[in-house]
Amino acid sequence: MEQKLYDTAIIGGGPGGYTAALYCARAGLSTVVVEKLSPGGQMATTDWVENYPGFPEGVNGFELGMKMQESAQRFGAETLYGEVTGLTLDSSPKTIAIGEKSLQARTVILSTGASPRELGLPGEQELRGRGVSYCATCDGMFYRDQTVAIVGGGNTAVADALYLARICKKVYLIHRRDTLRASRVYTEPLSQLENLEILWDSQVTGLLREEKLTGVQVTHKNTGETRDLPCQGLFVAVGNVPNSQLFAGQVTLTQGGYVQADETTCTNLPGVFAVGDVRQKPLRQIITAASDGAVASHFAEEYVSQNQKA
């Protein structure tokens, strides 16, 4: 099987991946990004990004992803669309299998991101896109002037509540504890929302449906009381699951499945780096993923220069 040797291969085309590609290619490294869907990762599903520097009026997430790809490709980075089915990271060079094809690289940057955590309820996957959503800014406009529920108590859930309260008739925020985990900058405005109701110590234990979602079953954790809550949309904001299954057993992972890599982005394997949401870190934002990409490129370039004969 014919294989091409790159200086660096980046698995995943999110903001971390394409920033790494930009910096690596600009430094003269032969660079390829392997992406299974489209540029931007989760960012591409975000309708409007308002906290990325340089865009004072905000920018569409998909558009920002395309611009990041264009920036990297301007300096010679390649994009290969396909799903990575296997990785050999403890060799020199490293091997990336993409279906029946493969390529080799001196360094690999893992930028596989994370996926929304599901509730695990019967019918949840079937109702995805038919009442169940994991991105309020992506799908919120479909529920204008309707009743929706949000599950969660962190920053994402509360930010979703603030956003949806502006466009929906009624918003329920369902949280399994008696206090929110979100930062004060998010929670303080909640008290001003007349169309928001918080259900404390409660969990969604069932989904009500016809062809689409018609409501949720909510159970109070302390009393065991269950009631049906009519709503047209359910937004799940209970965290993410790192997309690290592909390389589990090769790089060291945390108990939660995130890649154990410090601010250098270096993993336990020489020449292997982790950036963005798949890396263990205190804050997961577009800008922190991009920062990771820049850092990883520095160490990738350093590794290549020291191992030119590999």
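Quantities reported herein were computed from a predicted structural model and do not represent experimental measurements.

Enquirer: Help me get a handle on the sheet that holds strand β12 (residues 202–209), residues and values and all.
Expert: Taken in spatial order, the three strands of this open sheet run β12-β13-β14, and their pairing is antiparallel. The open sheet terminates on both sides in strands that have one partner only, identified here as β12 and β14 (226–230). The sheet shows a mean angle of 30° between the axes of neighbouring strands, direction not considered. Pairing geometry for β12 and strand β13 (residues 213–220), over seven bridges, is antiparallel.

Enquirer: So what's going on with the sheet that holds strand β11 (residues 196–199)? Residues and values would help.
Expert: Through backbone hydrogen bonds, the strands of a sheet pair up, either in parallel or in antiparallel fashion. Taken together, five strands build an open sheet; the order of strands is β8-β15-β9-β10-β11 and the sheet is parallel. Two strands lie at the open edges of the sheet, namely β8 (132–133) and β11, each paired on one side alone. Pairing geometry for strand β10 (residues 170–174) and β11, over four bridges, is parallel. Considered in β11, the bridge of Val 171 is made with Leu 196. Its contacts with the sheet put helix α4 (residues 155–165) on β9 (147–151), β10, β11 and β15 (233–236), and the angle it makes with β9 is roughly 170°.

Enquirer: Report on the environment of Val 204, specifying residues and quantitative values.
Expert: Structurally, the position occupied by Val 204 is in strand β12. Given the relative accessible area of 10%, Val 204 is considered buried. Sequence spacing of Val 204 and His 220 is 16 residues, and the spatial spacing of their C-alpha atoms is 9.1 Å. The contacts of Val 204, once residues within four sequence positions are left out, are Leu 119, Leu 121, Val 151, Ile 174, Val 216 and Gln 217.

Enquirer: Got a sec to walk through the pattern of salt bridges? Specific residues and values, please.
Expert: For the coordinates displayed, the defined rule picks out eight salt bridges. With a shortest N-O distance of 3.9 Å, Arg 227 and Glu 197 are connected by a salt bridge. Of this pair, Arg 227 sits in strand β14 while Glu 197 sits in strand β11; the two residues are 30 residues apart in sequence, bridging distant segments of the chain. Judged by its relative accessible area of 37%, Arg 227 is partly exposed. Among the ionic pairs, Lys 281 bridges to Asp 292, the shortest N-O distance being 2.6 Å. Here the residue Lys 281 occupies a position in the loop between β17 (272–274) and α6 (286–306), and Asp 292 occupies one in helix α6, the gap between them amounting to eleven residues. Because the salt bridges share partners, they merge into one network encompassing Glu 263, Arg 279, Lys 281 and Asp 292.

Enquirer: Residues and numbers for the pairing of β15, please.
Expert: Residues Gly 233 and Phe 235 of β15 are buried on one face, and the alternating residues Leu 234 and Val 236, pointing to the opposite face, are buried as well. With two bridges connecting them, β8 and β15 associate as parallel partners. Looking across to β15, one finds that Ser 133 is bridged to Phe 235. In terms of strand pairing, β9 meets β15 through four bridges, oriented parallel.

Enquirer: Describe a positive patch on the surface, with residues and values.
Expert: A cluster of basic residues, Arg 176, Arg 177, Arg 181 and Lys 221, forms a positive patch on the protein surface. Inspection of the secondary structure puts Arg 176 in the loop between β10 and α5 (184–187).

Enquirer: For the packing of helix α1 (residues 15–26) against α6, give the residues involved together with the corresponding values.
Expert: Relative to each other, α1 and α6 sit at 35°, their axes nearing to 7 Å. Where α1 crosses over α6, the handedness of that crossing is right-handed. Contacts from Pro 15, Gly 16, Thr 19, Ala 20, Tyr 23 and Cys 24 of α1 reach α6 at Ile 286, Ala 289, Ala 290, Gly 293, Ala 294, Ser 297 and Ala 300. Counted by class, the contact of α1 with α6 contains nine nonpolar, four polar and no charged residues.

Cut-offs applied
- Residues numbered from 1 in each chain as written.
- Predicted model: local features only at pLDDT ≥ 70, side-chain atom pairs only at ≥ 80, totals over all residues.
- Heavy atoms only, no water.
- Pairing = 2+ DSSP bridges.
- Helix = DSSP H or I, 4+ residues; strand = E, 2+ residues; numbered from the N terminus.
- Axes fitted to C-alpha atoms, helices over the stretch in contact; angles between N-to-C directions.
- Contact = heavy atoms within 4.5 Å.
- Buried < 20%, exposed > 50% of the residue type's maximum accessible area, 1.4 Å probe, protein only.
- Salt bridge = Lys/Arg side-chain N within 4 Å of Asp/Glu carboxyl O.
- Patch = residues over 30% accessible without salt bridge, like charges linked within 9 Å, V, L, I, M, F, W, Y side chains within 5 Å.
- Areas by Shrake-Rupley, 256 points an atom, 1.4 Å probe, with all protein chains shown as cover.
- Lys, Arg positive; Asp, Glu negative; His and termini not counted.
- Charge placed at Lys NZ, Arg CZ, Asp CG, Glu CD.
- Left-handed = near helix turned anticlockwise from the far one by under 90°.
- Nonpolar A, V, L, I, M, F, W, Y, C, P; charged D, E, K, R; others polar.

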